[in-house]
Amino acid sequence: MKLSKTYSITALACAIVITGSVPVWAASNATNASAATPNNAIISSKINDTNATIITVPTVGLASGTISQMPVSTQQSQNSTQPVGTTRQITEQPLEVPLSATTQSNYSLTFDANATYETRTATVDNKTVSYRAYENIPYVANPVDVNYQYMNIYIPEDYFQNKKVGKYDAKTAPIFLPNSVGGYMPSTAAIPGKSLEGVTDASTYALFRGYVVAAPATRGRTNKNETTGEYYGKAPAVIVDLQAAVAYLHSNDSRMPGDATKIISNGTSAGGAVSLLLGATGNHSDYRPYLNALGAADASTDIFAVVAFCPITDLDAADMAYEWNYHDVTTYKKSMMGRGMVPLAQTGSGESSATKGQLPTADMGNTPTEQAPMAVATTSTPSMDGNALSTNTSRNNFANMITLSDSDISYSYMLKAQYTDYINDLKLKDSNGKTLTLNSDGTGSFMDYVKSYIIAAANRAASEGTDISSADFLIKDANGTITDVDWKAYNAHVSRSKAPGAFDSRANDAGENNLFGTTKKDSEHFTVNGALFDTTDISATGPAIANHHIIKMMNPMNYLGNTGATNAKYYYIRYGTADSNTSISIPIVVGTKAQNLGYSVNMETPWEIGHRGDYNLEEMFDWMDNSVSDARMNPTVKAIKNKLKEIF
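Computed from a predicted model, the values in this text were never measured in an experiment.

Some remarks on helix α6 (residues 315-326)
Phase 1: The end-to-end C-alpha distance of α6 is 17 Å, a good match for the 16 Å that 12 residues give at a rise of 1.5 Å each.
Phase 2: The complete set of buried residues in α6 reads L315, D316, A317, A318, D319, M320, A321, Y322, E323, W324, N325 and Y326.

Laid out in structure tokens, this is it:
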């Protein structure tokens, strides 16, 4: 059955009815028009090919008293602006043909160890590491823009001399794949060096630990052909580029040092999100047409492990999750960065891509006669300040006190109510096999589960000598043991930094809206909520929504456990307790799903850490080493080891 491209929405006193042939991704609780409409009918982030004929979702303009927490003035205001019987249409964008270069460059995808390289050195802990730098290597034969579809490869010199670095040699060295993605913007490839804080960056530390480093650049949401006016970095460009880089490494496994079966992806913020996405989507057929259009290597796209710091992921559920956290926070300081956005990856000179002037232009794949130099970044880690009361972050980039409008507050309560159904539908389980659920008021075992991560973070910080006495949201018993978290007080302490519709903005102006634009339209909604309550177009025809297939391709939740995908089996996920860039529950949901699938997941919410990544590199690389050792362990030995863990 074909998917309808236009949905007709009629506002009723208690609900909005979407008629026509509508895919189930629009709402998970499909009901018959004659059936009673539940007040908490949910818009789901699930995506599949099933269709429903009539789907109901709640309206902001609910009848007075339907949701007691909504101000009466808000209900009256919304009902007056969206009267009973009005009709609105949401049009789904068509699925565009995968972008391809208009000129075939036919770059070689064969790695040549004898090609031009530089020998460089780096010093870590008073130990000098010599390595070869192979830079500006196109990872697809026919890039749309070679200035962003390339990678830098760094290999310890000892591997060319048949020597070991630490515990690894040329055949066994894992491959560290750091992306520099921030805010889903175009990214340049990392170069080993010092971070802006003057500390060793992850790429340099990886070489010190004996890893091969393969750092890809990627297209991003603002890439635009200035001649034609068309965009060429919208979703799914960033994940397609990362998969293409992985395919290049697999296809050259026998030609270069490093073990392509042990690729470990790393990223922060949006980079953490695409790191998770890369780990979930290996070899899935959804991406093959896009890879083929670029002339990517005909090789595997799966990776071994994922490192994800503060991932801005599960985007089509993120608005609901954010209000589950922050619905009681109605006054806040708005980030100077703008809603849904984060600072870009930093360069060694202290500049961000945003301060470098014009981005390199591209003619939708036309290769210039004389190739322009490729821009580079010297660290893979975007350093980002969250709305955090912490020595790790600063609030200097926050200004303009914002008070939510009645409309915002109504929208917040609606989104919060929907999150209950979303969580319950996932049927996640904790480590004891208990199903995690939420009650209609947002409390429940899932909330307790999220709180347990905050409590664990506080206990670890205290054990390491951090004074946590000022954290008045921690509830302690008579012996001083932390027993609970005051949820409202905790979220007030962290505070929101975005208005309701934090990711799919009702004004269609968030960075994530920009991600889901098309070649011809800069920004687009990607949830039915965002489109339905769009504030930029109140005409009868209404706004549009991104194609459901593109929305699907950007969410790891759709591929974890998918039989068509080769999932990574190891996950290292960090999201600081002082980070308000998404809901603390979002990375926990993704990590728990991976854990429920039997994968190895090391997930923590470090105490009072804001929006940043690549902290505690020694711990991170110890985990990576242990994961590699675990995977290479004899199955019998591993079974005995796991049994001993159960006993002791």
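Comments concerning the pattern of salt bridges
Close approach of charged atoms allows side chains of opposite charge to pair.
Phase 1: On inspection of all chains with the given rule, the structure shows 19 salt bridges.
Phase 2: Between E323 and R496 there is a salt bridge whose closest N-O contact spans 2.6 Å. Note that E323 is positioned in helix α6 and R496 in the loop between α9 (487-494) and α10 (511-515), a separation of 173 residues in sequence. Of the two residues, E323 and R496, neither departs from the other in class, the shared state being buried.
Phase 3: Residues E604 and R460 are paired through a salt bridge, measuring 2.8 Å at the closest nitrogen-oxygen approach.

Regarding the environment of M603
Phase 1: Structurally, M603 can be placed in strand β20 (residues 600-604).
Phase 2: Sequence spacing of M603 and T592 is 11 residues, and the spatial spacing of their C-alpha atoms is 8.8 Å.
Phase 3: For M603, the residues in contact, after removing those within four places along its chain, are Y449, Y453, I573, R574, P587, I588, G591 and T592.

Side note on the packing of aromatic side chains
Phase 1: Counted under the stated rule, the structure contains 27 aromatic pairs.
Phase 2: Judged by centre distance (5.3 Å) and plane angle (50°), the ring pair of F176 and F621 falls under tilted. Within this pair, whereas F176 is found in strand β8 (residues 175-178), its partner F621 is found in helix α14 (residues 617-632), the two being separated by 445 residues in sequence. Like F176, the residue F621 is buried in the burial classification.
Phase 3: When the centroid spacing of 5.3 Å and the interplanar angle of 70° are considered together, the rings of F473 and Y490 count as edge-to-face. In this pair, F473 is assigned in the loop between α8 (445-463) and β16 (474-476) and Y490 in helix α9, connecting sequence segments 17 residues apart.

A look at the sheet that holds strand β6 (residues 127-138)
Phase 1: Spatially, the nine strands line up as an open sheet ordered β5-β6-β7-β10-β8-β11-β12-β19-β20, and their pairing is mixed. Unpaired on one side and paired on the other, β5 (118-124) and β20 mark the two borders of the sheet. Neighbouring strand axes in the sheet, compared pairwise and without regard to direction, differ in orientation by 20° on average.
Phase 2: Bridge count for strand β7 (residues 150-156) against strand β10 (residues 212-216) is four bridges, and the pairing is antiparallel. The residue bridging I153 from the neighbouring strand is A214, located in β10.
Phase 3: Of the strands in this sheet, β8, β11 (263-268), β12 (305-309) and β19 (570-574) touch helix α4 (residues 270-280), which is tilted by about 150° from β11.
Phase 4: Sitting on the sheet, helix α13 (residues 585-596) is in contact with β19 and β20, with an inclination near 155° to β20.

Quick look at the nonpolar core
Phase 1: Among the nonpolar cores identified, the biggest contains 162 residues, and I153, L249, Y419, F446, F516, Y571 and W607 are the most heavily contacted of them.
Phase 2: Dropping the residues within four chain positions of it, I153 is found in contact with F111, R132, A133, Y134, I137, V212, V213, A214, Y248, L249 and M256.

Quick look at unusual backbone geometry
Excluding glycine, a negative phi dihedral is what most residues carry, and trans is how most peptide bonds are arranged.
Phase 1: For the peptide bond that leads from A235 to P236, omega is 10°, which places it in the cis range.
Phase 2: Here P236 lies in the loop between β10 and α3 (237-251).
Phase 3: Even without being a glycine, Y184 presents a positive backbone phi close to 60°.
Phase 4: The residue Y184 is located in the loop between β8 and β9 (189-190) in this model.
Phase 5: With a phi angle near 55°, N616 is a residue other than glycine that sits in the positive phi range.
Phase 6: By the element assignment, N616 lies in the loop between β20 and α14.
Phase 7: Given a relative accessible area of 39%, N616 falls into the partly exposed group.

How each quantity is defined
Residue numbering note: each chain is counted from 1, following its sequence as written. In view of the model being predicted, local features appear only for residues whose pLDDT reaches at least 70, and side-chain atom pairs are presented and counted only at 80 or more, with totals across whole chains, interfaces and linings using the full set of residues. Remark: hydrogens and water are excluded; side-chain values derive from all non-hydrogen atoms of the structure. Labels follow the DSSP assignment, with helices taken as runs of H or I lasting at least four residues and strands as runs of E lasting at least two, numbered in each case from the N terminus. Expected span, for any helix, means 1.5 Å times one less than how many residues it has. With a 1.4 Å probe rolled over the protein chains alone, any residue whose accessible area is under 20% of its type maximum counts as buried; one over 50% counts as exposed, and the rest are partly exposed. The term salt bridge refers to a side-chain nitrogen of Lys or Arg lying within 4 Å of a carboxyl oxygen of Asp or Glu. Throughout, a residue-residue contact means that at least one pair of heavy atoms, one from each residue, lies within 4.5 Å. Aromatic rings from Phe, Tyr and Trp, with only the six-membered ring used for Trp, were paired whenever their centres fell within 6.5 Å, and each pair was classed as stacked if the ring planes differed by under 30 degrees, edge-to-face if by over 60, and tilted otherwise. When DSSP finds two or more bridges between a pair of strands, those strands are recorded as paired. Axis geometry follows a simple rule: fit a line to the C-alpha atoms, using only the stretch in contact for helices, then measure angles between N-to-C directions, giving values from 0 to 180 degrees. To define a nonpolar core, start from buried Ala, Val, Leu, Ile, Met, Phe, Trp, Tyr and Cys residues and group those joined through side-chain atoms within 4.5 Å.

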